Amino acid sequence: MTTVANSKKNLYVDKYSFIKDFNYYIKAETPFLFLIDFHMKNFFISPLDQLKTNEIMFNFNGISNFHNKQIDKKVELTSTPVDYETYLKSFNIVQNHLKLGNSYLVNLTFPTEIYSNLSFDEIFCKSKALYKLKFYDHFIFFSPETFIKIIDGFIYTYPMKGTIDASLQDAEEKILKDEKELAEHITIVDLLRNDLNMVSTDVTVTKFRFISKIRSNNKDLLQVSSEIIGKLPLDYKNYLAEIFLKLLPAGSISGAPKRKTVEIIKNAEIYDRGFYTGIAGIFDGKNIDSCVIIRFIERIDGKLIYKSGGGITIYSNPEKEYMELINKIYVPTC
């Protein structure tokens, strides 16, 4: 099997080795962790019993390899987002493509340098989320968004699209009645439903637009998700890696149609996403639980860079979208 070295240049395996190892571990019922970056250039995979907690720590829906430290300090976080003029330039590139009909929805993101009173490790330990992971000293994330679950031959996905400040009056009613947000959510649900149809049968939207609340260091947010379920073929364990790769990149953080929209993203964005908006997952020996890598902080040249963004449609208001990008720069602490 592929050996993952501890030096940074040897952390990742190629696509062929990833597929081989992934499917081998599935058949052997060997629990493992995996990560795939947004552009599917870097792949990481390792059995759970080979992970060292001073290098990689994770908690995925209660499956964890560490005991969380109690951090009594309050999170203080300041940021220097990209200026509005720079954002607007990228926003207008996206809008031109939308008006030409090249895409219906584009997820536009930016990097933001942040400053905190907490260390990298302290931020990770202080954060609370369905999925959180520290990957060496390279990056951490605390994601609320499930990508794919595979349980007893069924595949589940939970597209998350729509965010609002929970402190606003009638916030839940506003987000659910907002026509732009509804159109955006329908687009992503339709995209993910079509994606599941490529790999499964009997695809059904079982829950449409349910609300979850996220508490952070500076404000509470409401986010809107849906649930879609499909039935996998009887022999799915023989090629589960290929199933995952066929569904990438995740629709909620790219857009629709997917291939053209990724081209637009490359043209409009001013940086490399890397592992941000990729996926990470755990196989526990029987089932898989995976997430979209969002709410993401990366260490670059000694600086902490927070990557965030949101979905853009032809109806989007640039000032509101710019504020959504800023509102998503937070550490969920409760």
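Higher on the page you've got the structure.
Report on the accompanying structure. Everything quoted here is computed from the prediction, not taken from an experiment.

Conventions adopted
- Residues numbered from 1 in each chain as written.
- Predicted model: local features only at pLDDT ≥ 70, side-chain atom pairs only at ≥ 80, totals over all residues.
- Heavy atoms only, no water.
- Buried < 20%, exposed > 50% of the residue type's maximum accessible area, 1.4 Å probe, protein only.
- Helix = DSSP H or I, 4+ residues; strand = E, 2+ residues; numbered from the N terminus.
- Pairing = 2+ DSSP bridges.
- Phe/Tyr/Trp six-rings, centres within 6.5 Å; stacked < 30°, edge-to-face > 60°.
- Lys NZ or Arg CZ within 6 Å of the ring centre and 35° of its normal.
- Contact = heavy atoms within 4.5 Å.
- Core = buried A, V, L, I, M, F, W, Y, C linked by side-chain atoms within 4.5 Å.
- Arc of directions from axis to C-beta.
- Salt bridge = Lys/Arg side-chain N within 4 Å of Asp/Glu carboxyl O.

We now examine the pairing of strand β8 (residues 139-143). Taking burial as the measure, the five residues of β8 include five buried ones, the bulk of the element. The alternating pattern of β8 places F139, F141 and S143 on one face and I140 and F142 on the opposite face, and all of these are buried. By the bridge criterion, five bridges tie strand β7 (residues 131-135) to β8 in an arrangement that is antiparallel. For K134, the partnering residue across the bridge sits in β8 and is I140. The turn linking β7 back onto β8 is made up of three residues, and Y136 within it adopts a positive phi angle of 50°. Strand direction decides the pairing type here: β8 and strand β17 (residues 296-300), joined by three bridges, are antiparallel.

Tallying each qualifying case throughout the model produces 30 aromatic pairs. Through a chain of ring-to-ring contacts, the aromatic side chains of F18, F22, Y24, Y25, F32, F34, F43, F147, F244 and F283 assemble into a single cluster. When the ring centre of F124 is taken as origin, the NZ or CZ atom of K132, which lies over that ring, is 4.6 Å away.

Looking at the secondary structure, you find E181 in helix α5 (residues 179-199). Note on E181: relative accessible area 9%, which makes it buried. Those residues in contact with E181, other than ones at most four positions away along the chain, are G162, T163, I175, R209 and E324.

Core analysis: the biggest nonpolar cluster contains 79 residues, and F22, L35, L133, F141 and F244 have the highest contact counts within it. Looking at this core element by element, the count peaks at six residues for α5. Dropping the residues within four chain positions of it, F22 is found in contact with F32, F34, I45, L240, A241, F244 and I288. Residues I71, L118, F142 and V331 belong to the second largest nonpolar core, which totals 18 residues.

The next subject is helix α7 (residues 258-268). Each α-helix turn comprises 3.6 residues. Residues three or four places apart therefore point the same way. Taken together, the buried positions of α7 are occupied by K258, T261, V262, I264, I265 and A268. Each buried residue of α7 lies within a common arc of 160° when the element is viewed along its axis, so the set occupies one face. Exposed residues on α7 whose side chains face more than 90 degrees from its buried face are R259 and K266. Close packing links the buried residues of α7 with α2 (84-99), β6 (105-116), α5 and β14 (255-256).

It is worth spelling out the pattern of salt bridges at this point. Within this structure, the stated rule accounts for 10 salt bridges. We note a salt bridge from K134 to D121, for which the minimum N-O separation is 2.7 Å. Taken together, the positions of K134 in strand β7 and D121 in helix α3 (residues 120-126) put the pair 13 residues apart, joining distant regions of the chain. You can call K134 buried: its relative accessible area is 3%. D121 sits in the partly exposed class, given a relative accessible area of 34%. In this structure, the salt-bridge partner of K134 is D137, at a minimum N-O distance of 3.7 Å.

Counting buried positions over the five residues of strand β1 (residues 32-36) gives five, a clear majority of the element. In β1, alternate side chains face the same way, and those of F32, F34 and I36 on one face and L33 and L35 on the other are all buried. Both β1 and strand β15 (residues 279-283) contribute to a ladder of five bridges, which runs antiparallel. When the bridges of β15 are listed, L33 appears paired with I282.

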